[in-house]
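Working through the structure, step by step
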Amino acid sequence: MSAEAYRWRCACCGDERVGLPMDMAFAAPLDWETLDQATASASYLDDDFCEVRHANGVVDRFIRCLLPLPVPRIGDEFRFGVWMSVSENSWNVYQAAFDSGVYREAGCFGYLMHDIPEYTGSYLLHADVRFRPDRLRPVVFLHEADHPLVAAQSDGIDVTQIERWAAMMHGR
């Protein structure tokens, strides 16, 4: 069965749906609205890059990536659009080659900047970030850890998990 043909009932509204959303994304790597005005005005956020410039001179750098989770029941993968905290050097490598897609390094180390819903404690999980050409978002591969999200990336998730996420997003 494909994601497009899958039928399910939304837990939020009760409507029957056809097709599963196979992508969801976080808008920012942190609660952007809580930044003080000076920090927010000195910082930068677009669809792919975020720099938070703090008054004390510290700069946090983030790139938007994809966290793939296999969905064995439908033979596809679900992709979370996540933000990864990366070093200044990794940020520079990625940004410099973003348009050309010719990176001087294959990827970098990063920290996951979200608590994925129903995977409490996933904030700051360690991961490898693999750059891709053609302005495609990098892919995140979580490091081995005793955490259910790491297991989900390895073993997969059930379609009911996607249904719950969709209902959470629908209820917003």
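Structure: see above.
Position numbers for residues start from 1 in each chain and track the written sequence from start to end. Since the coordinates come from a predicted model, pLDDT governs what is reported: local features require at least 70, and pairs of side-chain atoms require 80 or more to be given and counted, while whole-chain, interface and lining totals use all residues. Computation of side-chain values covers all heavy atoms of the structure but excludes hydrogens and water.

1. Some details on the overall build of the chain
For clarity, the threshold we go by: Helix and strand definitions follow DSSP, with helices as H or I runs of at least four residues and strands as E runs of at least two, each counted in order from the N terminus. Note on exposure labels: buried denotes an accessible area under 20% of the residue type's maximum, exposed denotes more than 50%, and partly exposed covers the range between, all computed with a 1.4 Å probe on protein chains only. Two residues form a contact once any of their heavy atoms are found within 4.5 Å. Methods summary: accessible areas were calculated by the Shrake-Rupley approach with a probe of 1.4 Å, and residue burial reflects only the protein chains presented.
When helices and strands are counted, the chain shows four helices and 10 strands. Helices (α) and strands (β) of the chain occur, in sequence order from the N terminus, as β-β-β-α-β-β-β-β-α-β-β-β-α-α. Buried residues in the chain amount to 45% of all 172 residues. Look at the contacts in the chain between residues 6 or more apart in sequence, and 55% of them connect residues 24 or more apart. When the accessible surface of the chain is totalled, it reaches about 9,100 Å², and 49% of it is carbon and sulfur.

2. Describing unusual backbone geometry
Of note, Asp134 is a non-glycine position whose phi angle comes to about 60 degrees, a positive value. Tracing the backbone through its elements, the reader meets Asp134 in the loop between strand 9 (126-130) and strand 10 (139-142). For Asp134, a relative accessible area of 63% translates into the label exposed. Phi is positive for Arg135, close to 60 degrees, though the residue is something other than glycine. Look at Arg135 and you get partly exposed, because its relative accessible area is 45%.

3. What about a nonpolar patch on the surface?
Heads up, the rule is: Only residues above 30% relative accessible area that lack a salt bridge enter a patch, with like-charged residues linked at up to 9 Å and the nonpolar side chains Val, Leu, Ile, Met, Phe, Trp and Tyr linked at up to 5 Å. Should a side-chain nitrogen of Lys or Arg be within 4 Å of a carboxyl oxygen of Asp or Glu, the pair is scored as a salt bridge.
Residues Phe109, Tyr111, Tyr123 and Leu124 make up a contiguous nonpolar surface patch of about 360 Å² in total accessible area. Tracing the chain through its elements places Tyr111 in strand 8 (residues 107-112). A residue is classified by how much of its surface remains accessible, and Tyr111, at 33% relative accessible area, is partly exposed.

4. Focus: the pattern of salt bridges
Across all of its chains, the model carries nine salt bridges by this definition. Among the salt bridges present, the one from Arg137 reaches Asp48, with a minimum N-O distance of 2.9 Å. With Arg137 in the loop between strand 9 and strand 10 and Asp48 in the loop between strand 4 (44-45) and strand 5 (49-53), this residue pair connects regions lying 89 residues apart in the sequence. The partner of Arg53 in a salt bridge is Glu51, with the nearest N and O atoms 3.3 Å apart. We classify Arg53 as partly exposed; its relative accessible area is 36%. Residues joined in a network through salt bridges with shared partners are Glu51, Arg53, Arg61 and Glu88.

5. Considering the packing of aromatic side chains
Formally: Aromatic pairing here means that ring centres of Phe, Tyr or Trp (its six-membered ring) are within 6.5 Å. Orientation follows from the plane angle: under 30 degrees is stacked, over 60 is edge-to-face, and everything else is tilted.
All chains considered together, the criterion is met by 13 aromatic pairs. Ring centres of Phe26 and Phe80 lie 5.7 Å apart, and the angle between their planes is 20 degrees; this geometry places the pair in the stacked category. Taken together, the residues span a long stretch of sequence, with Phe26 in the loop between strand 3 (23-25) and helix 1 (37-42) and Phe80 in strand 7 (residues 76-86) at a distance of 54 residues. Here Phe80 falls in the buried class, since its relative accessible area comes to 4%. With a centroid separation of 4.9 Å and an interplanar angle of 85 degrees, the aromatic rings of Phe109 and Tyr111 are classed as edge-to-face. Classification of Phe109 by relative accessible area gives partly exposed; the value is 33%.

6. Quick notes on the pairing of strand 5
Convention followed: One bridge is not enough; two strands pair if DSSP finds at least two bridges between them.
Across the five residues of strand 5, four count as buried, placing the element largely inside the fold. Sheet topology places strand 4 next to strand 5; two bridges connect them, and they run antiparallel. Bridge pairing in strand 5 places Tyr44 opposite Glu51. The antiparallel pairing of strand 4 with strand 5 creates a hairpin that spans three residues between the two strands. The sheet contact formed by strand 5 and strand 6 (residues 59-71) spans five bridges and is antiparallel. Bridging from a neighbouring strand, Glu51 pairs with Arg61 of strand 6. Between strand 5 and the antiparallel strand that follows it, strand 6, lie five residues; Gly57 among them carries a positive phi value of about 95 degrees.

Geometric descriptors of this kind do not, in isolation, establish any biological role.
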